[in-house]
Amino acid sequence: MKNKKRMIVAGIALILLVLVGVVAVNISKKASQREEIARQLELGKKQLTSLEYEEAIATFKNALAIDPKDRELLAGLVEAEEAYANSKVTMLLANISSSEEVESFLVQVSEKEAIIQETIEELTKNEAIKDNPGYTEASDKLDSLIEEIQKEKEDAESKKEELLEEEKRKQEEAEEEQRKQAEAEEAKRKEEEDWDIREWLLWREGLIGSYPPGGGYTEDHTQYVLTENTAYNDTLVYKFEIDGDEWTLSSFEYYDGKSGELWPNGKPEVPVGTVFHIEITDELREEYNAEKEIVSKEVEELNTLLAKEDAELLQSSEFAMFYYMGKKDEYYYAIVGYKVFHLYDSYFFFTMKTDPSKDSIEITDAWYKGQSIDKPTLDLDQYKRVY
């Protein structure tokens, strides 16, 4: 009997001992978990402060897997997800100034939205976390972020529309400015072409000779001064009074090339007082440009011939321009200019006479005009021949 009681007491003691051991193990395990959670919480906060958002998210998730009911861990996870999502947006809408930048901003905001949306879905699927006392607060916070993002996107779309309108207006203004500039350039080109046509007409009338003339209008366009430099550097000055299409030669002056003095005996090809009717019509432009195109091809042919014979001329100069003078007696006349390489504003000039129907090109005159210092010693007379 006594032995039986002893055995019962010993069994009860053993059971109590086992229970105490289990409780002690559980207490130790929970203490260890609390220590691990505290360590993970501290690490997550440190990573968040260091802007290591993805690492912080992983840390908080690992800790929540240990204790899904820890309110502070869930709050840390939501804060880390928000910070990570915000890091995807590197632009400030207020500083954006183009629709393309708005597009980039919207891409970034959509990426931000995707991160928050994914976090919401993960929390919704995690049944264990739903018992977390901070779950409702975390869900409300994430929903609030989605609403803010939607507002951001709406504001961005609105700004995009405004910028598109502004860009469209600026584009139209730029196109209008380009159109006006093109019209101005075309008007200038036509004005310069009209001057060439007037010279062409004057030369056809026998007024100016065989050297490239130049000239310009007075500011009020009531006078035109034509200057012509001869091979001897003499300067001929024709002054016209303009009344519509009527050009009257009002004066003529001849200045000596050496002394620069006015030569009183100089006379123009036509008498002072002669009236020229100079009306530029579309038909006249077509006629002039058609003739000029013919001469342009003849000038190309001349340069080809000079290159084939390895002309000394092309070793010290290069073709620069040609000036079409006009057509007389089935021949086309032009001044062809070659820019001297080593001298500023210095040229060799040829007077070219050509009849394309006869495959004939003739240089009737040749001269140099430019700096006298280091003047080229090229013998230009060798080029005065038929090609």
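Below: a short report on this structure. Since the structure is predicted, the reported quantities are computational estimates derived from the model, not experimental observations. (Residues numbered from 1 in each chain as written. Predicted model: local features only at pLDDT ≥ 70, side-chain atom pairs only at ≥ 80, totals over all residues. Heavy atoms only, no water.)

## Let's talk about the overall build of the protein chain
When its secondary structure is counted, the protein chain shows 7 helices and 9 strands. For the protein chain, the proportion of its 387 residues judged to be buried stands at 36%. At a minimum sequence separation of 6, the contacts of the protein chain that also span at least 24 residues come to 51%. When the accessible surface of the protein chain is split by element, carbon and sulfur atoms take 50% of a total near 23600 Å². (Helix = DSSP H or I, 4+ residues; strand = E, 2+ residues; numbered from the N terminus. Buried < 20%, exposed > 50% of the residue type's maximum accessible area, 1.4 Å probe, protein only. Contact = heavy atoms within 4.5 Å. Areas by Shrake-Rupley, 256 points an atom, 1.4 Å probe, with all protein chains shown as cover.)

## Some remarks on the packing of aromatic side chains
Inspection of the entire model under this criterion finds 16 aromatic pairs. Ring geometry for Phe319 and Tyr338: centres 6.0 Å apart, planes at 70°, overall edge-to-face. Of this pair, Phe319 sits in strand 6 (residues 317–328) while Tyr338 sits in strand 7 (residues 331–340), placing them 19 residues apart in sequence. Classification of Phe319 as partly exposed rests on a relative accessible area of 34%. Taken together through their ring pairs, the aromatic side chains of Tyr217, Tyr224, Phe240, Trp247 and Phe276 make up a single cluster. Across the ring face of Tyr331, the terminal group of Lys353 is positioned such that the distance to the ring centre comes to 4.3 Å. (Phe/Tyr/Trp six-rings, centres within 6.5 Å; stacked < 30°, edge-to-face > 60°. Lys NZ or Arg CZ within 6 Å of the ring centre and 35° of its normal.)

## Quick word on the pairing of strand 9 (residues 360–369)
Most of strand 9 is tucked away, with 7 of its 10 residues classed as buried. Looking at chain direction, strand 8 (residues 347–355) and strand 9 are connected through 9 bridges and run antiparallel. Across the sheet, Asp355 pairs through a bridge with Ser360, a residue of strand 9. The antiparallel hairpin formed by strand 8 and strand 9 contains 4 residues in its connecting segment, where Asp359 sits at a positive phi of about 50°. (Pairing = 2+ DSSP bridges.)

## What about the side chain of Asp70?
By the element assignment, Asp70 lies in the loop between helix 2 (53–66) and helix 3 (71–87). Arg71 is the oppositely charged side chain nearest to the buried, salt-bridge-free Asp70, at an N-O distance of 8.6 Å. The residues touching Asp70, leaving out its near neighbours within four places in the chain, are Ile37, Leu64 and Asn132. (Lys, Arg positive; Asp, Glu negative; His and termini not counted. Salt bridge = Lys/Arg side-chain N within 4 Å of Asp/Glu carboxyl O.)

## Focus on the sheet that holds strand 7
Judged by pairing direction, the sheet is antiparallel, and its 4 strands sit side by side in the order 6-7-8-9 without closing on themselves. Looking at the sheet topology across the chains shown, the edges are occupied by strand 6 and strand 9. Across this sheet, the average inter-strand angle for adjacent strands is 20°, counted without regard to direction. Where strand 6 lies against strand 7, 10 bridges are found, and the strand directions are antiparallel. Paired with Met321 across the bridge in strand 7 is Gly337. Packed onto the sheet, helix 5 (residues 135–204) meets strand 6 and strand 7 and runs at close to 55° relative to strand 6. The strands touched by helix 6 (residues 282–308) are strand 6, strand 7, strand 8 and strand 9; relative to strand 6, the strand with the most contacts, the crossing angle is about 140°. (Axes fitted to C-alpha atoms, helices over the stretch in contact; angles between N-to-C directions.)

## Let's talk about the environment of Pro68
Its location among the elements puts Pro68 in the loop between helix 2 and helix 3. If sequence neighbours within four positions are ignored, Pro68 has contacts with Ala128, Ile129 and Asn132.

## Here's the deal with the pattern of salt bridges
In a structure, side chains of opposite charge can pair up when their charged atoms sit close to one another. Tallied over the entire structure, the rule returns 23 salt bridges. A salt bridge links Lys170 to Glu166, with the nearest nitrogen and oxygen atoms 3.3 Å apart. Here Lys170 and its partner Glu166 are both found in helix 5, 4 residues apart, which amounts to about one turn of the helix. Taking relative accessible area as the criterion, Glu166 reaches 32% and is therefore assigned partly exposed. Here the salt bridges share partners, and the residues they tie into one network are Glu186, Arg189, Glu193, Asp194, Asp282 and Arg285.

## What about the side chain of Glu81?
The topology assignment puts Glu81 in helix 3. Lacking a salt bridge, the buried Glu81 has Lys61 as its closest oppositely charged neighbour, with an N-O distance of 4.1 Å. In this view, Glu81 contacts Ile57, Lys61, Ile115, Ile116 and Thr119; residues no more than four positions away in its chain are not counted.

## Let's talk about unusual backbone geometry
We note that Asp329 has phi near 55°; this positive angle belongs to a residue other than glycine. Position of Asp329 among the secondary structure elements: in the loop between strand 6 and strand 7. Of note in this structure, Asp359 is not a glycine but carries a positive phi near 50°. With respect to the helices, strands and loops of the structure, Asp359 is situated in the loop between strand 8 and strand 9. The exposure class of Asp359 is exposed, given its relative accessible area of 65%.

## Brief notes about a negative patch on the surface
Together, Glu157, Glu161, Glu165, Glu172 and Glu175 make up a negatively charged patch on the protein surface. Positionally, Glu172 belongs in helix 5. The partly exposed category is assigned to Glu172, whose relative accessible area is 45%. (Patch = residues over 30% accessible without salt bridge, like charges linked within 9 Å, V, L, I, M, F, W, Y side chains within 5 Å. Charge placed at Lys NZ, Arg CZ, Asp CG, Glu CD.)

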